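Letter by letter, the chains look like this.
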Amino acid sequence: MGQIIIVLVYGVIMGFATQAIIENKGYKDNWFWWGFFFGIIALIVAAARPQCAATIEMNEVLAEEREKKNELKRKDERMLQEDGWKCICGKLNASYIGTCSCGRTRADVEEFKKKKEQEQKQAGESERLKQLQQYKALLDCGALTEEEFAAKKKQLLNL
Ligand SMILES: [Zn+2]
């Protein structure tokens, strides 16, 4: 009986180890049962497999994309520093450009930004009000003391 358990535990450990190796190499296959039944042999076979070519390629593509994105970001930052502006469509325009390629002008964007800030402020206020009501409900059912409620209220309104 004890031996069976030892064999099972060994199988499971080998299964997970083999699976971990195979995933590390970028394969999507399930090697757990290979490891479970063949133990150290499956482990060696898994370890001997080359890195999955598709993963290597994907990593390269990802690295390239990252590099491209970084470069764009650096360009954007430079443009913003030089008094450029960011359009609603996400495009960054140099300071001498008054109208974005999407048709929005710099003034449109400024107005849009202001409106959005206002909306966010309002949303924050209603959120605080909602929280306050929740605290009030907690106070009413005795889950909060008067002092605790007062402290929460002060905290919320001071924000
Ligand atoms: Zn635009």
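Everything below is about the structure printed above this text.
The structure presented is a predicted model; accordingly, all values stated were derived computationally and were not measured.

What counts and how
Residues numbered from 1 in each chain as written. Predicted model: local features only at pLDDT ≥ 70, side-chain atom pairs only at ≥ 80, totals over all residues. Heavy atoms only, no water. Donors = N, O, S within 2.8 Å, 3.2 Å for Na, K, Ca; no water. Tetrahedral: all angles 85-135°; square planar, octahedral: opposite > 155°, others 65-115°. Buried < 20%, exposed > 50% of the residue type's maximum accessible area, 1.4 Å probe, protein only. Phe/Tyr/Trp six-rings, centres within 6.5 Å; stacked < 30°, edge-to-face > 60°. Helix = DSSP H or I, 4+ residues; strand = E, 2+ residues; numbered from the N terminus. Lys NZ or Arg CZ within 6 Å of the ring centre and 35° of its normal. Core = buried A, V, L, I, M, F, W, Y, C linked by side-chain atoms within 4.5 Å. Contact = heavy atoms within 4.5 Å. Salt bridge = Lys/Arg side-chain N within 4 Å of Asp/Glu carboxyl O.

Draft legend 1. Quick peek at the coordination of the zinc ion. On the protein side, the zinc ion has Cys87 (SG), Cys89 (SG), Cys100 (SG) and Cys102 (SG) as donor atoms, found 2.2 to 2.3 Å from it. Around the zinc ion sit four donor atoms, and with donor-metal-donor angles ranging over 103 to 116 degrees the site reads as tetrahedral. In terms of primary sequence, the donors binding the zinc ion are separated according to C-x1-C-x10-C-x1-C. By relative accessible area, which is 4% here, cysteine 100 ends up buried.

Draft legend 2. The packing of aromatic side chains, seen in detail. Across all of its chains, the model carries eight aromatic pairs by this definition. An angle of 70 degrees between the planes, with centres 5.1 Å apart, marks the rings of phenylalanine 16 and phenylalanine 32 as edge-to-face. One end of the pair, phenylalanine 16, is in helix α1 (residues 2–24); the other, phenylalanine 32, is in helix α2 (residues 32–38), and 16 residues separate them in sequence. Among the residues examined, phenylalanine 32 registers a relative accessible area of 14% and is labelled buried. For arginine 49, the ring lying beneath its charged end belongs to tyrosine 27, and the centroid distance is 4.1 Å.

Draft legend 3. Spotlight on the nonpolar core. Core analysis: the biggest nonpolar cluster contains six residues, these being Leu132, Tyr135, Leu139, Leu144, Phe149 and Leu156. Elements supplying a minimum of two residues to this core: α5 (106–140) and α6 (146–158). With three residues, the single largest contributor to this core is α5. For tyrosine 135, the contacting residues outside a window of four places in its chain are Leu144, Phe149, Lys152 and Leu156. Ranked by size, the runner-up nonpolar core spans five residues in total, among them Tyr27, Trp31, Ala46 and Cys52.

Draft legend 4. Region of interest: the pattern of salt bridges. What the rule picks out here adds up to four salt bridges. One salt bridge in this structure joins arginine 74 and glutamate 67, with 3.5 Å as the shortest N-O distance. On the basis of relative accessible area, glutamate 67 is assigned to the partly exposed category, the value being 40%. Put simply, aspartate 140 and lysine 136 hold a salt bridge, and the shortest N to O gap is 3.0 Å. Taken together, the positions of aspartate 140 and lysine 136, both in helix α5 and four residues apart, correspond to about one turn of that helix. Of the residues examined, aspartate 140 reaches a relative accessible area of 56% and is grouped as exposed.

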